[in-house]
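Next come the chains, spelled out residue by residue.
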Amino acid sequence: ASGVAHTYDEEMAVSSGVRHFSTTLVPIKGPGGRVERIASLSRDVSRFKKIELELHAAKEQAEVANRSKSDFLASMS
């Protein structure tokens, strides 16, 4: 039987720069209920992290442009 999985994100410096990983740990319990092993799975999510940061920057730029437009229209009234 296994226990509750725990997932966390981490950054790791590599020769080509910084990579982002999502790691899941699952405790594997033995017959007595004690954790005997831990299974882990790490996925490189660097591409998704880059896209997420680009989307966040684009959203901020759009909000600034919208505020500028609103300020301009308010000054024209």
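Residues numbered from 1 in each chain as written. Predicted model: local features only at pLDDT ≥ 70, side-chain atom pairs only at ≥ 80, totals over all residues. Heavy atoms only, no water.

A. Region of interest: the pairing of strand S2 (residues 17–29). As defined by bridge partners, strand S1 (residues 6–14) adjoins S2 across nine bridges and the pair is classed as antiparallel. Within S2, the position partnered with Asp9 by the bridge is Ser22. Between S1 and S2, which pair antiparallel in sequence order, lie two residues. Direction of pairing for S2 relative to strand S3 (residues 35–44): antiparallel, over a ladder of nine bridges. Residue Leu25 lies in a different strand from S3, and its bridge partner there is Ser40. (Pairing = 2+ DSSP bridges. Helix = DSSP H or I, 4+ residues; strand = E, 2+ residues; numbered from the N terminus.)

B. Here's a closer look at the pattern of salt bridges. Counted according to the given criterion, the structure contains four salt bridges. One salt bridge in this structure joins Lys59 and Glu63, with 3.9 Å as the shortest N-O distance. Note that Lys59 and Glu63 are positioned in helix H1 (residues 46–76) at a spacing of four residues, about one turn of the helix. Overall, Glu63 belongs to the partly exposed group, its relative accessible area being 36%. (Salt bridge = Lys/Arg side-chain N within 4 Å of Asp/Glu carboxyl O. Buried < 20%, exposed > 50% of the residue type's maximum accessible area, 1.4 Å probe, protein only.)

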